[in-house]
Amino acid sequence: MTALPAQPLSPLDGRYQAAVSDLGEYLSEAGLNRARVQVEVEWLLYLTSHSMFGSSPLSVEQAESLRGLYLEFGQADIDWLAEKEAVTRHDVKAVEYLVRDRLASLGLDSIAELTHFACTSEDINNLSYALTVSAAVQQVWLPKLQTVIGLLRALAVEHRADAMLARTHGQPATPTTMGRELAVVAWRLERIAEQVAGTEYLGKFSGATGTFAAHVVADPSADWIRISQEFVESLGLTWNPLTTQIESHDWQAELYNRVSHANRVLHNLATDVWTYISMGYFRQIPQAGATGSSTMPHKINPIRFENAEANLELSSAVLDSLAATLVTSRLQRDLTDSTTQRNIGVGFGHSLLALDNLARGLGEIDLDRAALAADLDSNWEILGEAIQTVIRAEVVAGRSSISDPYALLKELTRGKRIGRDDLVAFVEKLDIGDEAKGRLLELTPASYVGLSDELVDRLP
Ligand SMILES: O=C(O)C[C@H](Nc1ncnc2c1ncn2[C@@H]1O[C@H](COP(=O)(O)O)[C@@H](O)[C@H]1O)C(=O)O
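An unreviewed UniProt entry lists the chain under the name Adenylosuccinate lyase, with Mycetocola miduiensis given as the organism.

Quick look at the structure:
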């Protein structure tokens, strides 16, 4: 057998590439290296603009061409870095060499020694991760989550009054509406989306062990703590003043826990919609040219929801592992976080893929109102709760002397299938006020939905 040419191992880079490629802009090796160049360049610009160590501020044109190193970062830089890292065996050092090399081409040799000045690699890495993860969340993942929330919201409004038998414990229970059930999910996701949007992206910039030792020895008179804060904040990040060599990664744990939480709520949505499809509540809209089963021609399979379910599980497995492990580092640092963080894109990628499938799936289903109505109509016994509650109210109001209404209804309904006629006959004989009796006689399983419709308006 002939060996295949080199192949991607992750399906995110193969089969599913198109659905997740937007994340590659930030959470790929190249995205990370571009951010590293950005941090190195901005630090150079900071030092020179403050005339540190007798340097002079760069001209507007010089600053612009320096910023071009990251703004126009491309394939040539990616290749250059790969070659250099093969020699240095140190990824951040390779980035420093790239910046120095480009400084020479720009005629800025005189400031070359300010490149990576007093920095440890983590000073560059932690700011780069904060920048890229923040961009990936805000530019890619959150908008996709909002797309799904938007679809849920639209379906919730459309089906706000479509009564449906509820099934607590899988058993017929007090009805709801399909719209309200979807609104519950949208509401939960909206809360988590807000928490994710509020993530604090922390950055440290304090040298090899977080003490500013090299900084102070180079210039004892400078206010390095203030400089560090000013520089980190100039990148749009929140300054972390107290760390070891590494940024402590607590913000990452917080973020990944939130995304993983969103994954689990979405998983609940995927399996519930799958179940509604299986019960015939949702019809799947046939897609032109598509095949359901390779052998059973009649089938349309809910593959979008099944794909989402699996990818949400994979995403949470990766993000849970990141959240659990990134918060520990032996003594002043170990390097385990380096390889772990290279998988942030994997965690977000599986979640993004799931969101993409959920969005498609939600756009390919149609509510079968007749199926919902038929199910309600064959479960009149669920009105037992309504009747016993009305009797209790009547007893308290002095309009009935029935004792233990719950037991009475239990006797009538528990484990039994009861039709409309049985219930009407039962209610007519009840010793309760006429107004309450009239209300109960008008009640049907389809109208026993409380304030479901109105509750949909509680969506923000
Ligand atoms: O500023 C420093 O570098 C300080 C140094 N700590 C390090 N901090 C950050 N990166 C480091 C460190 N050490 C190694 N490397 C480089 O990390 C890369 C690890 O590769 P991989 O395991 O594939 O993620 C790989 O490129 C490694 O060369 C220390 O001694 O404390």
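**Student:** Please provide a residue-by-residue account of the UniProt feature "domain: Adenylosuccinate lyase PurB C-terminal" (unreviewed entry) in the chain, values included.
**Tutor:** Mapped onto this numbering, the UniProt entry annotates "domain: Adenylosuccinate lyase PurB C-terminal" (unreviewed entry) at residues 329-449. A distance of 54 Å separates the end C-alpha atoms of residues 329-449, which is 61% helix and 2% strand.

**Student:** So what about the site of the ligand? Which residues, and what values?
**Tutor:** Near the ligand, the surroundings consist of Glu 85, Arg 89, His 90, Asp 91, Thr 120, Ser 121, Gln 245, Arg 333, Leu 335, Ser 338, Thr 339 and Arg 342. Arg 89 places a polar main-chain atom, nitrogen or oxygen, 2.8 Å from an oxygen atom of the ligand. Arg 333 places a side-chain nitrogen or oxygen 3.1 Å from a nitrogen atom of the ligand. Taken together, the residues of the shell around the ligand break down into 1 nonpolar, 6 polar and 5 charged. Each of domain 1 (13-118) and domain 2 (122-286 + 298-369) contributes no fewer than three residues to the shell around the ligand.

**Student:** So what about the packing of aromatic side chains? Which residues, and what values?
**Tutor:** Centre-to-centre distance and the angle between the planes together describe a pair of aromatic rings. What the rule picks out here adds up to 12 aromatic pairs. Where Phe 53 meets Phe 117, the ring centres are 4.8 Å apart and the plane angle is 55 degrees; that geometry is what we call tilted. Of the two residues, Phe 53 is situated in the loop between α2 (29-49) and α3 (60-71) and Phe 117 in the loop between α5 (91-105) and α6 (121-158); the sequence distance between them amounts to 64 residues. Relative accessible area serves as the criterion here: at 18%, Phe 117 is assigned to the buried category.

**Student:** Describe the pairing of strand β2 (residues 171-177), with residues and values.
**Tutor:** Bridge count for strand β1 (residues 163-168) against β2 is 5 bridges, and the pairing is antiparallel. Residue Ala 163 lies in a different strand from β2, and its bridge partner there is Thr 177. Between the antiparallel neighbours β1 and β2 lie 2 residues, among them His 169 with a positive phi of about 60 degrees.

**Student:** Report on the confidence of the model for the chain, specifying residues and quantitative values.
**Tutor:** Taken as a whole, the chain shows an average pLDDT of 97; of its residues, 100% reach a score of 70 or greater. As a predicted assembly, this complex carries a pTM of 0.97 together with an ipTM value of 0.97.

**Student:** Hey, could you go over the UniProt feature "domain: Fumarate lyase N-terminal" (unreviewed entry) in the chain for me, with residue numbers and the actual values?
**Tutor:** In the numbering used here, UniProt assigns the "domain: Fumarate lyase N-terminal" (unreviewed entry) feature to residues 14-308. The span residues 14-308 is 62% helical and 7% strand by assignment, and the distance between its end C-alpha atoms comes to 17 Å.

**Student:** Tell me about the pattern of salt bridges, residues and numbers included.
**Tutor:** Here the structure, examined in full by the defined rule, presents 31 salt bridges. Between Arg 417 and Glu 381 there is a salt bridge, and its shortest N-O distance comes to 3.5 Å. You can see Arg 417 sitting in the loop between α16 (405-413) and α17 (420-428) and its partner Glu 381 sitting in the loop between α14 (369-377) and α15 (384-396), a full 36 residues away along the chain. Accessibility expressed as a relative area gives 59% for Arg 417, which makes it exposed.

**Student:** Quick one: what's the story with the domain arrangement of the chain, residue by residue and with numbers?
**Tutor:** On domain assignment, one finds that the chain holds domain 1 (13-118), domain 2 (122-286 + 298-369) and domain 3 (380-457). Here the C-alpha centre of domain 3 lies 45 Å away from the C-alpha centre of domain 2. At the interface, 15 residues of domain 2 touch 12 residues of domain 3. Counting the surface lost from both domain 2 and domain 3, the interface buries some 1,000 Å², and carbon and sulfur atoms represent 65% of this.

**Student:** Tell me what's going on with the packing of helix α4 (residues 75-88) against α5, and back it up with residues and numbers.
**Tutor:** Where α4 contacts α5, the two axes come as close as 8 Å, and the packing angle between them is 125 degrees. When the interaxial angle is binned, α4 and α5 end up oblique. For the element pair α4 and α5, the recorded crossing hand is right-handed. Contacts from Asp 77, Trp 80, Leu 81, Lys 84, Glu 85 and Thr 88 of α4 reach α5 at Asp 91, Ala 94, Val 95, Tyr 97, Leu 98, Asp 101 and Arg 102. Grouping the amino acids of the contact of α4 with α5 by side-chain chemistry returns 6 nonpolar, 1 polar and 6 charged.

**Student:** Which residues make up the nonpolar core, and what values do they have?
**Tutor:** Of all hydrophobic cores here, the largest spans 132 residues; its most connected members are Trp 43, Leu 255, Tyr 256 and Phe 348. At 17 residues, the largest contribution of residues to this core is made by α6. Excluding anything up to four places from it in sequence, Tyr 256 contacts Val 133, Leu 319, Leu 322, Ala 323, Leu 326, Ile 344 and Phe 348.

**Student:** Summarise the side chain of Arg 160; cite the residues concerned and give the values.
**Tutor:** Relative to the helices and strands, Arg 160 resides in the loop between α6 and β1. A distance of 2.4 Å separates the side chain of Arg 160 from the side chain of Asp 453, its partner in a polar contact. The contacts of Arg 160, once residues within four sequence positions are left out, are Thr 177, Gly 179, Ser 452, Asp 453, Glu 454, Val 456 and Asp 457.

Rules of the game
Residues numbered from 1 in each chain as written. Predicted model: local features only at pLDDT ≥ 70, side-chain atom pairs only at ≥ 80, totals over all residues. Heavy atoms only, no water. UniProt positions renumbered as here; feature names shortened; annotations may be inferred. Helix = DSSP H or I, 4+ residues; strand = E, 2+ residues; numbered from the N terminus. Near = heavy atom within 4 Å. Polar contact = N/O pair within 3.5 Å; in protein donor to acceptor, adjacent residues only side chain to side chain. Nonpolar A, V, L, I, M, F, W, Y, C, P; charged D, E, K, R; others polar. Domains from an automatic or database assignment. Phe/Tyr/Trp six-rings, centres within 6.5 Å; stacked < 30°, edge-to-face > 60°. Buried < 20%, exposed > 50% of the residue type's maximum accessible area, 1.4 Å probe, protein only. Pairing = 2+ DSSP bridges. pLDDT = per-residue confidence, 0-100. Salt bridge = Lys/Arg side-chain N within 4 Å of Asp/Glu carboxyl O. Contact = heavy atoms within 4.5 Å. Buried area = accessible area lost by both parts, 1.4 Å probe. Axes fitted to C-alpha atoms, helices over the stretch in contact; angles between N-to-C directions. Parallel < 35°, antiparallel > 145°, perpendicular 65-115°, else oblique. Left-handed = near helix turned anticlockwise from the far one by under 90°. Core = buried A, V, L, I, M, F, W, Y, C linked by side-chain atoms within 4.5 Å.

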